[in-house]
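Results of the structural survey
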Amino acid sequence: MRQDDRSGLMFALCGFALLSLGDAVVKTMAGEWPPTAIAALRYVLGAAGLSAILLATEGPAGFHFARPGLQVVRGVAVAISTVAFFASLFVMPLAEATTIVFVSPLITGLLAPLFLGERAIRATWIASGAAFVGVLIVLRPNLAALGPAALLPLASAFGMSALFMANRAVAGSASALAMQAKLALVAAPVLVAAAGLGHMSGIERLAIGAPSILVIAKCAFVALSASTAHWLIYMGTVRAGAATIAPMTYVQLVVAIGLGWLWFGDRPCAWSLLGGVIIIGSGLYLWRATRRKAVIDVDI
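Residues numbered from 1 in each chain as written. Predicted model: local features only at pLDDT ≥ 70, side-chain atom pairs only at ≥ 80, totals over all residues. Heavy atoms only, no water.

1. Some points on the overall build of the protein chain
Across its full length, the protein chain holds 12 helices and zero strands. The secondary structure elements of the protein chain, listed N-terminal to C-terminal, are α-α-α-α-α-α-α-α-α-α-α-α. For 300 residues, the compact-globule estimate of 2.2 N^0.38 gives 19 Å, and the C-alpha radius of gyration of the protein chain, at 19 Å, lies within 12% of that figure. Projected onto its principal axes, the C-alpha coordinates of the protein chain cover approximately 60 × 50 × 35 Å. Considering the protein chain as a whole, with its 300 residues, one finds that 45% of them fall into the buried category. Put simply, 88% of the contacts in the protein chain that link residues at least 6 apart link residues at least 24 apart. Taken as a whole, the protein chain presents about 14400 Å² of accessible surface, with 71% of it coming from carbon and sulfur. (Helix = DSSP H or I, 4+ residues; strand = E, 2+ residues; numbered from the N terminus. Rg over C-alpha atoms; globule rule 2.2 N^0.38 Å. Buried < 20%, exposed > 50% of the residue type's maximum accessible area, 1.4 Å probe, protein only. Contact = heavy atoms within 4.5 Å. Areas by Shrake-Rupley, 256 points an atom, 1.4 Å probe, with all protein chains shown as cover.)

As structure tokens, then:
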């Protein structure tokens, strides 16, 4: 496909904005159904829809699992990340939970040398140190008010980091659609099992009752919006390149702040905004440093 930065950026912008909209819809279900059950239904619906599309476009061959161990890692990682993030949305403002999850690329930068053998650069350590300060600033009021529950977005960030690294390890082994479908196919039974265990645990918040039609509709919307968002981001990457659209990731945070303020009345405090600015700045600094390094390596 011909390089087209403008349309690629627009695709990515719409995709990242749509992800935040789906997160906001999840937050509206607080108290209506457990986060484990919401995550399970979201991925069951997503797996069914993506599998149907994959079967129609690629046939049975599209379901071949290359490197099955890593595919399991991908599914378990996204399951952990999803449950932790959905749970955090029930107890924290949307913007603050989203802000903390945005350290996942920096966590990946720190862990990739250990698990993938990639060479770390000094910028990774600088950006990660700064982002850690940003996380502490955002966590400060939430940790005091919520206790350990405030760490849920951080757990989600580590889950996303594991997913990023597993994605790198299996990159190129199947089409983007097949990779997305396989992710959902592995995550769905893991999340169903987690929801069942939560229900049997005796913890009242995790007890699963019959969902209302509205809850089912919202879960279906989240599944559809997330799949559409990932397709839009993929199209943006194809048209403009991953390095070009990378900064558009932070549109998701801007939209989360706006939706949290308008929809839930969660006006971010000055400290949360400061922490968010530090995290975003760290990510952009690392993106710029890695992009410059890539250009230098090509020139050499």
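Don't stop here, the text continues.
2. Structural notes on the packing of aromatic side chains
Tallied over the full model, the rule gives three aromatic pairs. Taking the ring centre of F264 as reference, the NZ or CZ of K27 above it sits at 5.5 Å. The ring of Y43 has R42 lying over it, and the distance from NZ or CZ to the ring centre is 4.0 Å. (Phe/Tyr/Trp six-rings, centres within 6.5 Å; stacked < 30°, edge-to-face > 60°. Lys NZ or Arg CZ within 6 Å of the ring centre and 35° of its normal.)

3. Here we look at the nonpolar core
Residues Y43 and L191 are the most contacted members of the largest nonpolar core, which totals 37 residues. Top element by residues in this core is helix α2 (residues 35-58). It accounts for nine residues. If near-sequence neighbours (up to four positions away) are discounted, Y43 is found in contact with V78, T82, A184, A187, A188 and L191. In this structure, L106, A131, V135 and V138 belong to the second largest nonpolar core, which totals 20 residues. (Core = buried A, V, L, I, M, F, W, Y, C linked by side-chain atoms within 4.5 Å.)

4. A few points about the environment of Q180
Residue placement: Q180 occurs in helix α8 (residues 176-200). The spacing of Q180 and L154 is 26 residues in sequence and 23 Å in space, taken between C-alpha atoms.

5. Quick look at the layout of surface pockets
Of the volumes computed, that of the second largest pocket is approximately 360 Å³. In terms of lining, the second largest pocket is formed by 16 residues, of which the most central are P35, A87, F90, V91 and R205. The dominant element in the lining of the second largest pocket, judged by the number of residues it contributes, is helix α3 (residues 68-91), at three residues. Residue classes in the lining of the second largest pocket are distributed as 12 nonpolar, one polar and three charged. (1 Å grid on protein atoms, 1.4 Å probe; cavity = no way out; pocket = protein on both sides within 12 Å on 5 of 7 lines; lining within 4 Å. Points joined across faces, edges and corners; volume = space filled by probe spheres on them. Nonpolar A, V, L, I, M, F, W, Y, C, P; charged D, E, K, R; others polar.)

6. Some remarks on unusual backbone geometry
Residue R67 is not a glycine yet carries a positive backbone phi of 50°. The topology assignment puts R67 in the loop between α2 and α3.

7. Here we look at the side chain of S161
Topologically, S161 is positioned in helix α7 (residues 152-170). Its relative accessible area of 0% is what places S161 among the buried residues. A polar contact of 3.0 Å, which involves the side chain of S161, links it to the side chain of T108. Setting aside residues no more than four positions away along its own chain, S161 makes contact with S104, I107, T108 and L111. (Polar contact = N/O pair within 3.5 Å; in protein donor to acceptor, adjacent residues only side chain to side chain.)

8. Concerning the packing of α3 against α7
Relative to each other, α3 and α7 sit at 155°, their axes nearing to 8 Å. With respect to α7, the element α3 is oriented roughly antiparallel. With respect to the hand of their crossing, α3 and α7 are arranged in left-handed fashion. Contacts between α3 and α7 involve L70, Q71, V73, R74, A77, V78, S81, A84, F85, A87 and S88 from the former and L152, P153, A155, S156, G159, M160, A162, L163, A166, N167, A169 and V170 from the latter. The class makeup of the residues in the contact of α3 with α7 is 16 nonpolar, six polar and one charged. (Axes fitted to C-alpha atoms, helices over the stretch in contact; angles between N-to-C directions. Parallel < 35°, antiparallel > 145°, perpendicular 65-115°, else oblique. Left-handed = near helix turned anticlockwise from the far one by under 90°.)

9. Thoughts on a nonpolar patch on the surface
A cluster of nonpolar residues, V72, V76, I80 and V190, forms a patch on the protein surface that exposes about 280 Å² of accessible area. Ranked by residues supplied to the nonpolar patch, first place goes to α3 with three residues. In this structure, V190 sits in helix α8. We classify V190 as partly exposed; its relative accessible area is 30%. (Patch = residues over 30% accessible without salt bridge, like charges linked within 9 Å, V, L, I, M, F, W, Y side chains within 5 Å. Salt bridge = Lys/Arg side-chain N within 4 Å of Asp/Glu carboxyl O.)

10. Regarding helix α4 (residues 94-101)
Taking burial as the measure, the eight residues of α4 include eight buried ones, the bulk of the element. Along α4, the residues classified as buried are L94, A95, E96, A97, T98, T99, I100 and V101.

11. With respect to the environment of D266
The residue D266 is located in the loop between α11 (251-264) and α12 (270-299) in this model. In this structure D266 comes out as partly exposed when scored by relative accessible area, which is 24%. Spatially, the C-alpha atom of D266 lies 9.6 Å from that of E96, the residues being 170 residues apart in sequence. Ignoring sequence-local partners within four residues, the contact set of D266 consists of K27, P93, L94, G260 and W261.

12. Let's talk about the side chain of T28
Considering the arrangement of structural elements, one finds T28 in the loop between α1 (5-27) and α2. Of the polar contacts made by the side chain of T28, one reaches the backbone oxygen of V25; its length is 2.5 Å. What T28 contacts, discounting residues up to four positions off in sequence, is K218, W263 and F264.

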